[in-house]
2 protein chains.
Amino acid sequence: MTVVEASKLGALAGNVLERAGVASNHRRQQVDLLMEAELRGVPSHGLLRLERIVQRIRNGVTDPDAIGEHVWRSPGFLAVDGQRGLGPVVANAALEALKQRARENGVVLAAITNSNHIGMLGWYAERVAEEGYTVIALSTSEALVHPWGGRRAMLGTNPIAIGIPTGSAPFMMDTATSVVSMGEIHDHANRGEPIPEGWAVDGAGNPTTDAAAAKQGAIGPFGQAKGYALGLAFELIVSSLSGAAIGRDVKGTLDDDSICNKGDVFIVIDGPRRDLQAYLEEIRTLPPADGFSEVLIPGERGRACRDKRLREGIPIADEVLARLQALACLEATA
Amino acid sequence: MTVVEASKLGALAGNVLERAGVASNHRRQQVDLLMEAELRGVPSHGLLRLERIVQRIRNGVTDPDAIGEHVWRSPGFLAVDGQRGLGPVVANAALEALKQRARENGVVLAAITNSNHIGMLGWYAERVAEEGYTVIALSTSEALVHPWGGRRAMLGTNPIAIGIPTGSAPFMMDTATSVVSMGEIHDHANRGEPIPEGWAVDGAGNPTTDAAAAKQGAIGPFGQAKGYALGLAFELIVSSLSGAAIGRDVKGTLDDDSICNKGDVFIVIDGPRRDLQAYLEEIRTLPPADGFSEVLIPGERGRACRDKRLREGIPIADEVLARLQALACLEATA
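Conventions and cut-offs
- Residues numbered from 1 in each chain as written.
- Chains lettered and ligands numbered in written order.
- Predicted model: local features only at pLDDT ≥ 70, side-chain atom pairs only at ≥ 80, totals over all residues.
- Heavy atoms only, no water.
- Pairing = 2+ DSSP bridges.
- Helix = DSSP H or I, 4+ residues; strand = E, 2+ residues; numbered from the N terminus.
- Contact = heavy atoms within 4.5 Å.
- Buried area = accessible area lost by both parts, 1.4 Å probe.
- Salt bridge = Lys/Arg side-chain N within 4 Å of Asp/Glu carboxyl O.
- Polar contact = N/O pair within 3.5 Å; in protein donor to acceptor, adjacent residues only side chain to side chain.
- Nonpolar A, V, L, I, M, F, W, Y, C, P; charged D, E, K, R; others polar.
- Axes fitted to C-alpha atoms, helices over the stretch in contact; angles between N-to-C directions.
- Parallel < 35°, antiparallel > 145°, perpendicular 65-115°, else oblique.
- Buried < 20%, exposed > 50% of the residue type's maximum accessible area, 1.4 Å probe, protein only.
- pLDDT = per-residue confidence, 0-100.
- Phe/Tyr/Trp six-rings, centres within 6.5 Å; stacked < 30°, edge-to-face > 60°.
- Lys NZ or Arg CZ within 6 Å of the ring centre and 35° of its normal.
- Least-squares fit on C-alpha atoms with pLDDT ≥ 70 in both.
- Left-handed = near helix turned anticlockwise from the far one by under 90°.
- Arc of directions from axis to C-beta.

**Topic: the sheet that holds strand β8 (residues 200–201) of chain A**
A sheet is described by the order of its strands in space; here three strands give the open sequence β9-β8-β10 (chain A), paired in antiparallel fashion. Whereas interior strands pair on both sides, the edge strands pair on one side only; in this sheet they are β9 (207–208) and β10 (218–219) of chain A.

**Quick notes on the interface of chain B and chain A**
Chain B puts 74 residues into the contact, and the matching count from chain A is 74 residues. Both faces considered, chain B and chain A share a buried interface measuring about 5800 Å² in area, 72% of it formed by carbon and sulfur atoms. Here Asp290 of chain B ties to Arg151 of chain A by a salt bridge, and the two come within 2.8 Å at their closest N and O atoms. Between chain B and chain A we count 26 residue pairs in polar contact (both at pLDDT 80 or more) in total. When grouped by side-chain class, the residues that make up the side of chain B that touches chain A number 45 nonpolar, 17 polar and twelve charged.

**Structural notes on unusual backbone geometry**
The phi angle at Asn114 of chain A is positive, at roughly 60 degrees, despite the residue not being glycine. Tracing the backbone shows Asn114 of chain A in the loop between β4 (107–113) and α5 (121–130).

**Brief notes about the packing of helix α2 (residues 24–39) of chain A against helix α10 (residues 300–312) of chain A**
Residue and element names in this part refer to chain A. Running from amino to carboxyl end, α2 crosses α10 at an angle of 100 degrees, the nearest separation of the two axes being 8 Å. On the basis of their axis angle, the class for α2 and α10 is roughly perpendicular. Listed contacts from α10 to Glu36, Glu38 and Leu39 of α2 are Gly302, Cys305, Arg306, Arg309 and Leu310.

**What about the pairing of strand β7 (residues 171–175) of chain A?**
Residue and element names in this part refer to chain A. When you tally the buried positions in β7, you get four out of five residues, the bulk of the element. Relative to β7, strand β6 (residues 160–164) runs antiparallel, the two being bridged by five bridges. Residue Ile160 lies in a different strand from β7, and its bridge partner there is Thr175. In textbook terms, the turn of a hairpin is the stretch between consecutive antiparallel strands, and for β6 and β7 this stretch comprises six residues, one of which, Gly167, has a positive phi near 110 degrees.

**Focus: the confidence of the model for chain A**
Averaged over every residue, the pLDDT of chain A is 95; residues scoring 70 or more account for 99%. For this predicted complex, the interface score ipTM comes out at 0.97, while the overall pTM is 0.97.

**Overview of the packing of aromatic side chains**
Each aromatic ring pair is summarised here by two numbers: the centre-to-centre distance and the angle between the ring planes. Throughout the structure, instances matching the rule amount to seven aromatic pairs over all chains. Between Trp123 of chain A and Tyr124 of chain A the ring centres are 5.0 Å apart and the planes differ by 75 degrees, which places this aromatic pair in the edge-to-face class. When its relative accessible area of 8% is taken as the criterion, Trp123 of chain A is described as buried. The class for Tyr124 of chain A is buried, based on a relative accessible area of 0%. Ring pairing ties together the aromatic residues Trp123, Tyr124 and Phe266 of chain A, which thus form one cluster. Directly above the ring of Phe222 of chain B sits Lys226 of chain A, whose terminal nitrogen or CZ lies 5.8 Å from the centroid. The ring centre of Trp72 of chain B lies 3.9 Å from the NZ or CZ of Arg101 of chain B, which sits over that ring.

**With respect to the pairing of β6 of chain A**
Residue and element names in this part refer to chain A. A large share of β6 lies buried, amounting to five of its five residues. Judged by which residues are buried, β6 turns out to be covered on both faces: Ile160, Ile162 and Ile164 on one side and Ala161 and Gly163 on the other are all buried. Taken together, the four bridges between strand β5 (residues 133–139) and β6 define a ladder with antiparallel strand orientation. Pairing of Ala137 across the sheet is with Ala161, part of β6.

**Some points on the sheet that holds strand β10 (residues 218–219) of chain B**
Residues and elements named next belong to chain B. Reading across the sheet, the three strands line up as β9-β8-β10 and stay open at both edges, with antiparallel pairing between neighbours. Across the chains shown, the open sheet's two edge strands, defined by having one partner strand only, are β9 (207–208) and β10. Relative to β9, strand β8 (residues 200–201) runs antiparallel, the two being bridged by two bridges. If you follow Ala200 over to β9, its bridge partner there is Thr208.

**Describing the relation of the copies chain B and chain A**
Rotating chain B by 180 degrees and translating it 0.0 Å along the rotation axis places it on chain A, where the RMSD comes to 0.0 Å. These values place the two chain copies in the arrangement generated by a two-fold rotation axis. Across chain B, the rotation axis passes nearest the C-alpha of Gly223 of chain B, at a separation of 1.9 Å. Comparing interface residues between copies, 100% of those in chain B also lie at the interface in chain A; the contact surface is shared.

**What about the side chain of Ser242 of chain A?**
All names here are of chain A. The residue Ser242 is located in helix α8 (residues 224–242) in this model. Only 2.6 Å separates the side chain of Ser242 from the backbone oxygen of Val238, close enough to count as a polar contact. Among the polar contacts listed, one links the side chain of Ser242 to the backbone nitrogen of Ala244, at a separation of 3.1 Å. Beyond its immediate chain neighbours, meaning those up to four positions away, Ser242 contacts Ala111, Ile112, Thr113 and Gly263.

**A short note on the environment of Ala244 of chain B**
By secondary structure assignment, the location of Ala244 of chain B is in the loop between α8 (224–242) and β11 (263–270). When its relative accessible area of 1% is taken as the criterion, Ala244 of chain B is described as buried. Spatially, the C-alpha atom of Ala244 of chain B lies 5.0 Å from that of Gly263 of chain B, the residues being 19 residues apart in sequence. In this structure, Ala244 of chain B is in contact with Arg274 of chain A together with Thr113, Ser239, Asn261, Lys262 and Gly263 of chain B, ignoring residues within four places of it in sequence.

**Examining the pattern of salt bridges**
All chains considered together, the criterion is met by 40 salt bridges over all chains. For Arg28 of chain A, the salt bridge goes to Asp32 of chain A, with nearest N and O atoms at 3.6 Å. Separated by four residues within a single helix, Arg28 of chain A and Asp32 of chain A lie in helix α2, roughly one turn from each other. Among the residues examined, Arg28 of chain A registers a relative accessible area of 46% and is labelled partly exposed. For Arg40 of chain B, the salt bridge goes to Glu36 of chain B, with nearest N and O atoms at 2.9 Å. One exposure class covers both Arg40 of chain B and Glu36 of chain B, and it is buried.

**Observations regarding the packing of α8 of chain A against helix α9 (residues 277–284) of chain B**
For the pair α8 of chain A and α9 of chain B, interaxial distance at closest approach is 12 Å and the crossing angle is 155 degrees. By the angle between their directions, the pair α8 of chain A and α9 of chain B is classed as roughly antiparallel. Relative to α9 of chain B, the crossing made by α8 of chain A is right-handed. Of the residues in α9 of chain B, those touching α8 of chain A at Tyr228, Leu232, Glu235 and Leu236 of chain A are Tyr279, Leu280 and Ile283 of chain B. By residue class, the composition of the contact of α8 of chain A with α9 of chain B is six nonpolar, no polar and one charged.

**Some words on helix α3 (residues 50–58) of chain B**
Listing the buried residues of α3 of chain B in full gives Leu50, Ile53, Val54, Arg56 and Ile57 of chain B. Looking straight down α3 of chain B, one finds that the buried residues subtend no more than 160 degrees of arc, so they occupy a single side.

Here it is as structure tokens:
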């Protein structure tokens, strides 16, 4: 691990994208998204992803100039053809349109397809909630998760993020419906460490604690049958509203050359106007259970990590840093 | 347990409500809701609840004639003052208004307060999905669930139900964000049986397997930190959009004399128009994991139970049946 100042890492990432032909405004959005993941301690959604983004631009399956085509099917329903654009660029353009319309309409929805990986959903939810809207964000992915009681990956990790204005800093939660991310399994495999029981099955669908075997298998849903039911509902909602592919047909967030056919859904609600801080403070100051040092409010650990890393720098894996530097040079001499 | 024909049980329940002064159309809705829970094998949301409903009408905290006052704050946002009406009556009236508006608007939302317990959320989600809409339903309750890492109940069991048209029978999932319902804990206590580890803490906030002690304590969130984050997000969304009470201030679904101040939120989306059955069939026919006889689609076990109970009758606890019969007589001679 090397600790690097946030602004320097951001500049390096921007450099890589500039040399890949991404215009300034789009570059900033993609870099901000990846940097927020690094700042909040979620490296699986951070700069690790940059090489794939560049490769996909080179291979023509990502168009860095596209912002998506917007069609309002009805006053509240925005259908977005992402035109192969960068995930955050297409999502942000949709959210701008939604925010404007939410004030008039009360609640609005965007269903996006033909866009690329949109990264950490909480980034969107928190920013939109800061502006006074309640947001529910859903996104699908390649099939990586097995149904509860099944042996084979049939569902994406299908995260949900929810942002809510509270009177001061917005509430934000962001979680996959899998017990863990595939990134964490790869991370264990890279370090040669076993994974805990219950995380995953191997390629034959049998429970395993071998991280390398789990990479060929499937991750479990969080919370057993309940998390499976939620993950499946999100897969069905996103696919059916956006027209995105479903289940094992989803491609393009984990490879370099497939057109990305997953979907995203954002629901944006005007308001609320209530101050929720007293309630959150009551939770925050509860006596913790044995084995816990405090009761956490979702999102706040990430925010504290962010503050610390902005002051002290971001620890980044040496191989990720080396790849970034190589990418910047490679592009410079290309 | 006594097995009683569904139509007879329904008639008995209707009788009880008729004698409590509930008009025919409202009676039918309340009975249908409770009977659907009995039919689907969820007795905690079934006829067990009827005595409280009658008591609350007698005590003037439920108005059986009210259907709720509707104010469209914007084209998509319906604010409902439930006017102390019966939960299913107020919810159904709101859903009728939403369905009509969803066709024009694409997506609409109702935020309901001052209504009574709306029971099994899946009942609403499934029916509305049958008519071609995607539905997300949320509801809060008295604080019964502790935050992950905390010792004290601060959250409702905060269920979510999602209904989605699929081309034939709609997809429907319905789950509390607690690991189990308070009803199941009471059920264990009544039978003098211990509860599994991880379900609940006692009144001092310590983990317990004593069901009687758990009744004085708090239930755990499902799926640990992730389920806690979801349950908290739902509490904040419902309370902030509807103006309902929050956390430990919520009253009126578990007592006979408090005005009910929890809230409900329904989001109704027009569509989709996609056939999702091939995907669901692919999941249904997966080889099951060890210890499972099949891979289930959420909602389908309840539907199979329903079919069986419509044919063979509903097993009902003798004390619940005796109370219903007494209530019918009591009312008859009152």
